[in-house]
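# Structure at a glance
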Amino acid sequence: MRTLWLSLLLSTTLAVATSQSLAGETRASQILDRFEHANQWRDHVMIAAHRAGSMQARKTLYAENSLAAVEGSIAMGAEIVEVDVRRSKDGEFVIMHDSWLDRTTTCKGEVVKYTLAELKKCRLVIEGTGTVTDEPVSTLREMLAETKDRILINLDNKLEVTDLPGMIAIARDFGMADQVIVKENLWNRQRIDAAKVALAKAGGGFQFMPILADDAVHDAAFADEVGRAFSPRAIELINWRNGAETLTETGGALFSTRMRAEAVRGDWHLWADTYAIVNKPGGFLAGGRGDELAVAASLPREAWGFWADRGATIIQTDEPRAAIEWLTANGFRVPYTTDVKQTEPAHTASIN
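Now for a quick tour of the structure. (Residues numbered from 1 in each chain as written. Predicted model: local features only at pLDDT ≥ 70, side-chain atom pairs only at ≥ 80, totals over all residues. Heavy atoms only, no water.)

Looking now at the overall build of the protein chain. On a plain count of helices and strands, the protein chain comes out with 12 helices and 13 strands. With 352 residues in all, the protein chain has 50% of them scored as buried. Looking at the protein chain alone, contacts between residues at least 24 apart form 69% of all its contacts between residues at least 6 apart. (Helix = DSSP H or I, 4+ residues; strand = E, 2+ residues; numbered from the N terminus. Buried < 20%, exposed > 50% of the residue type's maximum accessible area, 1.4 Å probe, protein only. Contact = heavy atoms within 4.5 Å.)

If you want it as structure tokens, here you go:
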């Protein structure tokens with residue numbers, strides 16, 4: 001009897017300790033665990049919100065790369081926000097996709113010709129509606145402060161590889177280098193060697209994600225070489241599609257059975273992109289099977305489902321809400337212990 005009671009007491013103590021441990025975990029730490037242990041989470045598809053997640057149902061609700069968009073992405077349950085990094089005239093890292101301010105702010109001209117103080121007078125604009133928000137151009141520091149312990153952040157470096165160590169140093173100052181994912185296009189041994197030199201200068205503790213595109217990389221053997229060089233936790237794979245081409249039926253050379261086997265051996269995620277790029281439809285990076293097919297044509301299984309079926313466990317999208325809802329409804333998402341019913345901000349923008 002005493003043995004039984006001791007056993008029950010031990011079980012209860014362990015359960016309480018586990019509960020307290022989980023309760024003490026941040027959302028970001030749980031996401032990071034799934035990011036760093038791909039093989040344990042092959043039944044879950046993570047969502048990366050492109051340019052912080054400004055769109056829903058083909059409508060731009062937030063200014064891209066804005067703190068408001070980040071808040072919306074966190075509220076809907078995305079695991080990663082992707083933002084773009086440039087420099088101001090006085091050397092500050094700022095969050096901006098284009099090299100010019102005209103499309104997304106109330107200012108005109110090149111980002112690099114404005115000091116930070118001058119950029120702070122520019123207001124972000126919601127593309128499409130032309131709505132002017134109260135939000136100024138953000139610095140990298142402000143973006144990191146907004147995301148700390150809440151979500152992973154993918155920094156799309158619009159500068160030189162040599163600028164990367166400075167970005168990582170700022171993340172390290174915030175104690176969140178491990179929340180940061182940086183990436184670089186690789187297509188031959190020379191690119192691998194150049195990336196290794198640049199990354200060594202940045203120190204360790206952050207996530208490096210190679211990008212492989214099938215216009216230059218045609219088989220999984222190169223992914224194995226990349227994996228041995230960097231031990232990445234994810235590799236971004238691009239299946240190019242020119243306008244006249246039909247939808248991919250297989251996912252192309254990089255979404256092969258061999259590639260999925262390499263991913264399992266290396267314990268890394270296959271990352272697919274379904275968003276649109278400048279003057280190209282959603283699907284140009286994904287064999288035609290992108291966001292426009294999923295949302296505009298109401299064929300989500302032919303887009304997000306297609307890539308999930310071919311092993312993608314991270315999808316970067318302009319439609320994070322729709323993707324999360326469809327993937328959840330179709331068994332491609334596993335709840336987090338921090339999941340609670342969240343509400344998005346009451347207003348998508350503050351109007352001047």
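Let's pick the thread back up.
Inspection of the entire model under this criterion finds two cavities of 30 Å³ or more. Of the pockets and cavities examined, the largest cavity occupies roughly 100 Å³. Lining the largest cavity, in full, are Leu155, Asn157, Val161, Leu164, Val182, Lys183, Glu184, Ala195, Ala198, Leu199 and Phe208. Elements represented by at least two residues in the lining of the largest cavity include exactly strand E8 (152–157), strand E9 (180–185) and helix H7 (189–202). (1 Å grid on protein atoms, 1.4 Å probe; cavity = no way out; pocket = protein on both sides within 12 Å on 5 of 7 lines; lining within 4 Å. Points joined across faces, edges and corners; volume = space filled by probe spheres on them.)

Turning our attention to the side chain of serine 66. Mapped onto the secondary structure, serine 66 falls in the loop between strand E3 (59–60) and helix H3 (67–76). Among the polar contacts made by the side chain of serine 66, one reaches the main-chain amide nitrogen of alanine 69 at a distance of 3.0 Å. With residues near it in sequence (within four places) discarded, serine 66 still touches Ala52, Leu124, Glu135 and Met143. (Polar contact = N/O pair within 3.5 Å; in protein donor to acceptor, adjacent residues only side chain to side chain.)

What follows deals with the pattern of salt bridges. Scanning the model with the defined rule gives 21 salt bridges in all. Between glutamate 127 and arginine 103 there is a salt bridge, with its nearest N and O atoms 2.7 Å apart. With glutamate 127 in the loop between strand E6 (123–126) and strand E7 (131–136) and arginine 103 in the loop between strand E5 (93–95) and helix H4 (116–119), this residue pair connects regions lying 24 residues apart in the sequence. By relative accessible area, glutamate 127 is classed as partly exposed at 37%. Residue class for arginine 103 comes out partly exposed when judged on its relative accessible area of 26%. Of the charged contacts, one joins aspartate 224 and arginine 228 as a salt bridge, the two residues approaching to 3.2 Å between their closest N and O atoms. Linking aspartate 224 with arginine 228, this pair stays in helix H8 (residues 220–230), spanning four residues, or about one helical turn. Its relative accessible area of 28% is what places aspartate 224 among the partly exposed residues. In the salt-bridge network here, residues are joined through shared partners; they are Arg51, Glu64, Asp98, Arg103 and Glu127. (Salt bridge = Lys/Arg side-chain N within 4 Å of Asp/Glu carboxyl O.)

Structurally, glutamate 36 can be placed in helix H2 (residues 27–36). By relative accessible area, which is 28% here, glutamate 36 ends up partly exposed. On a C-alpha basis, the gap between glutamate 36 and arginine 233 in space is 5.5 Å, while along the polypeptide they are 197 residues apart. For glutamate 36, the residues in contact, after removing those within four places along its chain, are Gln207, Arg233 and Asp267.

Applying the stated rule across the entire model yields one disulfide. The disulfide bridge from cysteine 107 ends at cysteine 122, spanning 2.1 Å between sulfur atoms. For the disulfide bridge between cysteine 107 and cysteine 122, the dihedral angle about the S-S bond is near -105°, and by the sign convention the bridge is left-handed. Placement of cysteine 107 in the loop between E5 and H4 and of cysteine 122 in the loop between H4 and E6 is noted, with a sequence separation of 15 residues between them. (Disulfide = S-S within 2.5 Å.)

Inside soluble globular proteins, nonpolar side chains tend to come together where they are buried. The biggest cluster of nonpolar side chains holds 67 residues, and the ones touching the most others in it are Leu155, Leu186 and Leu212. Once you skip the residues sitting within four places of it in the chain, leucine 186 turns out to touch Arg191, Ile192, Ala195, Phe208, Pro210, Ile211, Leu212, Val217, Phe222, Val226 and Phe230. (Core = buried A, V, L, I, M, F, W, Y, C linked by side-chain atoms within 4.5 Å.)

Non-glycine residue arginine 51 carries a positive phi angle of around 50°. Counting through the fold element by element, arginine 51 comes out in the loop between strand E1 (46–49) and strand E2 (55–56). The exposure class of arginine 51 is buried, given its relative accessible area of 11%.

Read these as spatial facts, not as claims about activity.
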